Amino acid sequence: QSFFVKKIASHITSTRKKKLTGTTFVLPKTNRQRKIWKSKESEVMNKVSVLGAGAWGTTLAQVLVDAGQDVLVWGRNAEVVSEINSLHTNKKFLPGVNIPSAIRATTDISEAFSFGQSIVLAIPAQSLRENLAAWKESFPKNLKKPFAEL
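Note that this is a predicted model, so its numbers are computed, not measured.

Asker: Which residues make up the pairing of strand S3 (residues 47–51), and what are the values?
Answerer: The element S3 is extensively covered by neighbouring structure, given that four of its five residues are classed as buried. With five bridges joining them, S3 and strand S4 (residues 70–74) adopt parallel strand pairing. From the neighbouring strand, Leu51 faces S4, where its bridge partner is Trp74. You can see the chain leave S3, run along helix H3 (residues 55–66) and come back into S4, and the turn it takes is right-handed.

This is the structure in structure tokens:
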């Protein structure tokens, strides 16, 4: 695990939270973050597909859920996906971190593509080209927001 993934994961588990209309939001700590957060309070929840169920993808999914997004994680490893759905953990990549029950996972790339209004790519760089080439024909053409590669 990278230093940054550990840092984000520990921040998620230790951050103060506030209930707002049935959704959990992370309370920002600085004034600048509060202004951004307040401006986003009224935004409609987006459906986001996170492609990648490793440490980075799972952590990004947690951040997105904390920000009020509806998240589906795609992963190629059926055991990891099953663990995320049933135990709400990802011991292989994020040991000791509990994953919010709002995060769902799938091994079906078509389901991930049809679910998301936005797509986050969180797969390793060494397999990115191969995966994108394989997904070329089924990649959604009508995304609500552009996808992000992180």
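Asker: Could you give me a rundown of the packing of aromatic side chains, with the residues and numbers involved?
Answerer: Taken as a whole and judged by the stated rule, the model has three aromatic pairs. Note on Trp74 and Trp135: the rings are 5.2 Å apart at their centroids and 90 degrees apart in plane angle, and the pair reads as edge-to-face. Of this pair, Trp74 sits in strand S4 while Trp135 is found in helix H6 (residues 125–135), placing the two residues 61 residues apart along the sequence. Judged on exposure class, the residue Trp74 and its partner Trp135 are both buried. Residues Phe113 and Trp135 carry aromatic rings whose centres are separated by 5.8 Å and whose planes lie at 85 degrees to one another, so their mutual orientation is edge-to-face.

Asker: I'd like a rundown of the side chain of Gln69, residues and numbers included.
Answerer: Turning to its location among the elements, Gln69 is positioned in the loop between H3 and S4. Within the local environment of Gln69, its side chain forms a polar contact with the backbone nitrogen of Asn46, the two atoms lying 3.0 Å apart. Once you skip the residues sitting within four places of it in the chain, Gln69 turns out to touch Met45, Asn46, Val48 and Leu64.

Asker: Before we move on, could you go through H6 and cite the residues and values that matter?
Answerer: Every α-helix carries 3.6 residues per turn, so stepping three or four residues along brings you back to the same face. Among the residues making up H6, those that are buried are Ser127, Leu128, Asn131 and Trp135. Along the long axis of H6, the arc covered by the buried residues comes to 125 degrees, so they all point the same way. Residues of H6 that are exposed and point over 90 degrees away from its buried face: Gln126, Arg129, Glu130 and Ala133.

Asker: Summarise the pairing of strand S8 (residues 118–121); cite the residues concerned and give the values.
Answerer: Here S8 shows no split at all, with Ser118 and Val120 on one side and Ile119 and Leu121 on the other all buried. Here four bridges tie S3 to S8, and the two strands are oriented parallel to one another. When the bridges of S8 are listed, Val50 appears paired with Val120.

Asker: For H3, give the residues involved together with the corresponding values.
Answerer: The end-to-end C-alpha separation of H3 is 17 Å, in line with the 16 Å expected for twelve residues at 1.5 Å each. Most of H3 is tucked away: nine of the twelve residues are buried. The complete set of buried residues in H3 reads Ala55, Gly57, Thr58, Thr59, Leu60, Ala61, Gln62, Val65 and Asp66. At the C-terminal side of H3, Gly68 shows a positive phi close to 95 degrees.

Rules used in this analysis
Residues numbered from 1 in each chain as written. Predicted model: local features only at pLDDT ≥ 70, side-chain atom pairs only at ≥ 80, totals over all residues. Heavy atoms only, no water. Buried < 20%, exposed > 50% of the residue type's maximum accessible area, 1.4 Å probe, protein only. Helix = DSSP H or I, 4+ residues; strand = E, 2+ residues; numbered from the N terminus. Pairing = 2+ DSSP bridges. Right-handed = clockwise from strand over helix to strand, strands pointing away. Phe/Tyr/Trp six-rings, centres within 6.5 Å; stacked < 30°, edge-to-face > 60°. Polar contact = N/O pair within 3.5 Å; in protein donor to acceptor, adjacent residues only side chain to side chain. Contact = heavy atoms within 4.5 Å. Arc of directions from axis to C-beta. Expected span 1.5 Å × (residues − 1).

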